Amino acid sequence: MIDSASHFKLVASQFTMQVICFVGLYILWDTQWLWLSLTGIVLIGGFGIGLYYHRYLSHSSFKVHRATELTMHCLGVMAMQGSPMIWAANHVNHHRHSDKQYDPHPSYEWFKTWFWISVGERLMIDPRTIKRLSKDPIHPLTTRYYFKIYWSTIILSAIIDPRITVYFFAVPVVYAFHISAFTNIVLHKWGYRNFDTNDDSTNLPLPFLMESPYHNNHHNDPSQISTAEKPGQYDLWGWIIKRIQTNG
């Protein structure tokens, strides 16, 4: 189980980034900077969380060159969802206990799950995932110094230009947070199912669900590169993976 102090720091940091986002947008609103937010959403939310934390680390769906891996590592860290190793080890347990007693973010506790309330009590890390990822020294190092790395980057960006902090970092953090919550709750309650999985996962192909709208497909076979398995389905990130992956 993740210790309560670490979880509290994560929740407090996430809340702080949400405040920075909304207060920053109110004070520094400029439509010409929204392109930077879109860029940050794609890089931090898409490549960082969707591809790296989720499909690469949690499910080992593909392999990439070391430079690409390190780039995605840095992007994922800036989503303020915890260190990559802990996130992946927790997500593996979500699939193992999905919609059951030990699910770390069960859809039936929708309000608590959405806002990470009491979630720390259920965050059980998978020891095999920790052992696998600990072989790469960057993961224990990032886990140990996660908050120092994160806030040093945020402070530096604010010194350079506060708009970078708000538009490139804070807005994508908020977007990724709520999209993750939406997926964990709504895509386990409403939608359609292609597969009779042992959970309540559904498909709901909405345009703002950047990473995995075919959630039932994903739960049926988490290691698949693409979640699009039926005619008429399309997975942009699966298409991207096929173009950045290596064979070795």
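What you are looking at is a predicted structure, and each value in this text was computed from that prediction instead of being measured.

Participant: Pulling in residues and values, what's your account of a nonpolar patch on the surface?
Facilitator: A cluster of nonpolar side chains, contributed by F15, V19, V23, Y26 and I27, occupies part of the molecular surface with about 590 Å² of accessible area. By the secondary structure assignment, V19 is in helix α1 (residues 4-28).

Participant: Can you lay out the side chain of N217 for me, pointing to particular residues and giving the numbers?
Facilitator: Positionally, N217 belongs in helix α10 (residues 215-220). By relative accessible area, N217 is classed as buried at 0%. At 2.8 Å, the side chain of N217 forms a polar contact with the side chain of Q233. If we skip the residues at most four places from it in the chain, N217 touches N194, F195, N203, T227, E229 and Q233.

Participant: Can you lay out the packing of aromatic side chains for me, pointing to particular residues and giving the numbers?
Facilitator: Counted according to the given criterion, the structure contains 13 aromatic pairs. Relative to Y56, the ring of Y52 lies with its centre 5.6 Å away and its plane at 20°, an arrangement referred to as stacked. You can see Y52 and its partner Y56 sitting in helix α2 (residues 34-58), 4 residues apart, about one turn around the helix. In this structure, Y52 and Y56 share a single accessibility class: buried.

Participant: Let's hear about the side chain of H95: which residues, and what values?
Facilitator: Residue placement: H95 occurs in helix α4 (residues 84-96). What makes H95 buried here is its relative accessible area of 17%. Engagement of the side chain of H95 in a polar contact is seen with the side chain of H91, the distance being 3.0 Å. Here H218 takes part through its side chain, which lies 3.2 Å from a polar atom of the side chain of H95. In this structure H95 touches H54, H59, H218, H219 and P222, once residues within four positions along its chain are discounted.

What counts as what
- Residues numbered from 1 in each chain as written.
- Predicted model: local features only at pLDDT ≥ 70, side-chain atom pairs only at ≥ 80, totals over all residues.
- Heavy atoms only, no water.
- Patch = residues over 30% accessible without salt bridge, like charges linked within 9 Å, V, L, I, M, F, W, Y side chains within 5 Å.
- Areas by Shrake-Rupley, 256 points an atom, 1.4 Å probe, with all protein chains shown as cover.
- Salt bridge = Lys/Arg side-chain N within 4 Å of Asp/Glu carboxyl O.
- Helix = DSSP H or I, 4+ residues; strand = E, 2+ residues; numbered from the N terminus.
- Buried < 20%, exposed > 50% of the residue type's maximum accessible area, 1.4 Å probe, protein only.
- Polar contact = N/O pair within 3.5 Å; in protein donor to acceptor, adjacent residues only side chain to side chain.
- Contact = heavy atoms within 4.5 Å.
- Phe/Tyr/Trp six-rings, centres within 6.5 Å; stacked < 30°, edge-to-face > 60°.

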